[in-house]
Amino acid sequence: MITARAAASFEPQGRSVAAARAFVRDTLQGWGFSDIIDDAVVLTSELVTNAVVHAGTRAEVLCLRTEDGVRVEVADRYPERELPLQHPGERPYADPDRENGRGLMLCAALATRWGVEYTATHKHVWFRLDMPDRPVGTRSAGPVVPDQLLPLADSRVRVAVLQIDSAGTVSAWNEDAEIIFGHLASKAVGRPLAELAAWPQTPGTGTGIAEALRLSRWEGSYGIRGADGRVIPIYASHLRVRDAHGEPSIVCLLVHDDERALLQSPVRVPMDGGQLTEARPTDPFEIFIGSPAPDDLDGLLQRTVERARDLLDADSAFLLLATDDETELEVRATTGLPSTRQRFARVPVEAGTNRYGSARMPAVHEDLIVVPGAVPLLEATGMRSAITVPLKVEGRLTGSLGVAAEIPGRYSNDDALRLQFAADRIALAVESARLGELERLRRGSLSFLVEASDLLAGTLDRDQTLALMAQMTVPTLATWCAVYTIADQASDPFLSYVLHEDEERIDGLKALLAQVSPPEPVRESGARPWPETSLAVGGETVVLPLLARNRVIGMLTLGKPSEEHFRQEILELAEDLSRRAALALDNARLYSERTAISRSLQRSLLPPGSPTIPGIEVEVIYRAAGEGNEVGGDFYDVFPIRPGVYGFAIGDVCGTGPEAAAVTGLARHALRLLAREGLGGPAVLERLNAAILDEGDRSRFLTLLYGELHPQPDGGAHMKVVCAGHPLPLRLRPNGEVTSAADPQPLLGVLEDLDLYEQTLTLDPGDVLLCVTDGVTERREGTRMLGDDGLAEVLTTCTGLTAGAVASRVLRAVERFAAEPASDDMAILAFRIPRQRDGD
């Protein structure tokens, strides 16, 4: 049964893919389906890409919520695009190297069910994702246990009580919270919980803080940053409530993580009407772990080490998981050990210093001082004796479980057998949970990289690319990030961007990094430690090279606080991100360089400036079409020919962009040169015509209005003009009369033999001569066009205006004529003979 629906449409353009992902993510988040968001986002991304990019049609996305899952439909208007079938001798559609069919391949891999439906006008691809089953238990009291087996707590038990409002900010902070974390209530109230919480940020492996605060109940571990900057591990229980006015908020109870028993939900025992059900076969796994088992890997591992410690009355316990190649062990859970025992730290299994030589077999260590390094995790912890046993699945090493005590000689072989028996009971469950975590991490990483690639591809601005690189890594992959850039091979790395998850610490981090020599740029891919920064900043720091087009263009530096450690999966994800970020950063650099070169060359094609002509007002307005273009196919020029004589030109080369701008440069420079050689207007244009035709295949036809201006002592001006295929100049009289000031003649760049002639006219005081390119007269709005008549009508309203005011009014009229931006170059050249009283 459908309980809710949400729908949206997306236009056939690249940015619609990101918008569709955001729509599905927000919809499922609002429905509380956080467990399947990553799969739904990845599938939606592929299917919408097929619709708006490959099929080139609008995509319609429909989300349907049911009681146990969600169905997402993506429809496009390309029904003839059939389901790709496999023909003999062809590669199957489920081939990751082919674009066609990749979305269906992902549906087959990730979805519970999926299908394709056709109508006369639409094609629907749908998939269904079911919510995972969750065990539901009933409450019960715990059994009576001896005092020595009760959980430990401080002599004065403190429980921090926080209240979080619907916006995620702290609205209440009790006295115990002040004592535990060091923040006074006056400083904590009003701050977002996300600023104080050190939440686990591994993509795809758990619930985020925003999602946790929306749940009706939540229980688990995270950290709170104390007033001294140190992260304090805590165990928390959240309950969402509403007040008498219906306003929701979250009540949070927090204790130190090693006192989790104070808040942790008790073991649930199945009941039936208040009576115990009939006895059922006992599972050795549940005997050791308890029922129900935690449904997440971290919870299972933490429960395991706590049970192992209690089983052998140890002072501490630890569990490490093996890498896929069984060459290293990774610290995943500890209890009773100092916080310096970093989670996700790795040590070799077989050889070298600090190795677990006994990882593959049970081992009893009577005195660790006698055999230093036998259990590297326990060095400098005060532990003297230990047992380590392997976790194996089908003969393959999957981990190591150990317990330790502060006195030597504490354990015997019988103790080792008891621990090995427990390890054998949990090994398969731990491996299954680990594989589930890896699969969630893989899916989360895929979704993360898809979104990161889309964001990076959406900008060619260098500074924005640097900011995106840092924001995508903090806090998802690291606590802080620094990006170094290298301008060229001879330059030293430069600290270009710094980001910390705590904004108040960014300036201090910059100052610390400024005191340390930048990392050495190396070409080898992968993360490498940077101990110099680790000493200055504290914690673990790694450097990843930014490699693009076979050279190092910078370094991405990631840092964690001292109580945390980078896990290998996160470093591999960071390496994938660094490759994408490096290419995006290099693309931004190339774009900036080429844009600067283009603008420099284009500026060289513009006139250096209009001369001051005695007794004549001159105004020019120029607009080049196209983003980043300063010069196009339209051009103008006003220049002195000889004393008392000035030349002017306004022209339009066929087309727009750089190719037209090249002809523009040829025309403008040739006009100046030929005019100053003393040639008349027809001779100037005929020689320019020959020069354009000499360009061969690169030649373009050209319309041109060229003239000579002779200012007169009495205040008027004589003009000689040749109008070669160009819009005719318009003359405005003081009485508002508008007339054409020249006759049309053949354009340039088409015929070899031209018979051009020169026309003369006299401008009297108060007269205006307006010259424009066809970007003005051919301005369109649907089927309407401004045209020569429309321009003449605008000019009649300009009586008494200066040349600058006339040009500005014409430009406003052109811009207002249509809602869309102009698609053609425009040039406006206005001359006016001022009246005597204008200067009074």
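The structure presented is a predicted model; accordingly, all values stated were derived computationally and were not measured. (Residues numbered from 1 in each chain as written. Predicted model: local features only at pLDDT ≥ 70, side-chain atom pairs only at ≥ 80, totals over all residues. Heavy atoms only, no water.)

A. Structural context of the packing of aromatic side chains. Tallied over the full model, the rule gives seven aromatic pairs. Seen in terms of ring centroids, Tyr-484 and Trp-530 are 6.0 Å apart; in terms of plane orientation they differ by 80°. Their pairing is edge-to-face. Pair noted here: Tyr-484 is in strand S20 (residues 480-485) and Trp-530 is in the loop between strand S22 (528-529) and helix H13 (531-537), with a separation of 46 residues, a long-range link. The burial state of Tyr-484 is the same as that of Trp-530; both residues are buried. In this arrangement the basic side chain of Arg-71 is found over the ring face of Trp-126, its NZ or CZ atom lying 4.1 Å from the centre. Above the ring of Phe-421, the side-chain terminus of Arg-425 is found at 4.3 Å from the ring centroid. (Phe/Tyr/Trp six-rings, centres within 6.5 Å; stacked < 30°, edge-to-face > 60°. Helix = DSSP H or I, 4+ residues; strand = E, 2+ residues; numbered from the N terminus. Buried < 20%, exposed > 50% of the residue type's maximum accessible area, 1.4 Å probe, protein only. Lys NZ or Arg CZ within 6 Å of the ring centre and 35° of its normal.)

B. Main features of the sheet that holds strand S27 (residues 645-653). Pairing is antiparallel in the open sheet, where five strands are placed in the order S26-S27-S28-S29-S32. Edge positions in the sheet fall to strand S26 (634-642) and strand S32 (759-763), since each has one partner strand and no second. Mean inter-strand twist for the sheet, computed between neighbouring axes without regard to direction, equals 20°. Here strand S29 (residues 717-724) pairs with S32 via five bridges, running antiparallel. Each residue of the ladder has a partner; that of Met-719, found in S32, is Leu-761. In the packing of helix H16 (residues 681-693) onto the sheet, contacts are made with strand S28 (702-711) and S29, and the angle to S28 comes to roughly 150°. (Pairing = 2+ DSSP bridges. Axes fitted to C-alpha atoms, helices over the stretch in contact; angles between N-to-C directions. Contact = heavy atoms within 4.5 Å.)

C. Main features of the pattern of salt bridges. Counted according to the given criterion, the structure contains 40 salt bridges. Across the salt bridge formed by Arg-442 and Glu-439, the nearest N and O atoms sit 2.5 Å from each other. With Arg-442 and Glu-439 both in helix H10 (residues 413-457), this residue pair falls three residues apart, about one helical turn. A salt bridge links Arg-551 to Asp-586; its shortest N-O distance comes to 3.9 Å. A residue pair is termed long-range when its members are at least 10 positions apart, and Arg-551 in strand S24 (residues 551-560) and Asp-586 in helix H14 (residues 568-605) qualify at 35 residues. Asp-586 shares its class with Arg-551; the two are buried. (Salt bridge = Lys/Arg side-chain N within 4 Å of Asp/Glu carboxyl O.)

D. Here's a closer look at the pairing of S24. Counting buried positions along S24 gives ten out of ten residues, so the element sits mostly inside the fold. One ladder, built from six bridges, connects S20 with S24; its direction is antiparallel. For Val-483, the partnering residue across the bridge sits in S24 and is Leu-556. Pairing of strand S23 (residues 540-548) with S24 involves nine bridges; the strand directions are antiparallel. Of the residues in S24, the one forming a bridge with Leu-546 is Gly-554. Between the end of S23 and the start of S24, which pair antiparallel, lie two residues, with Arg-549 showing a positive phi angle near 50°.

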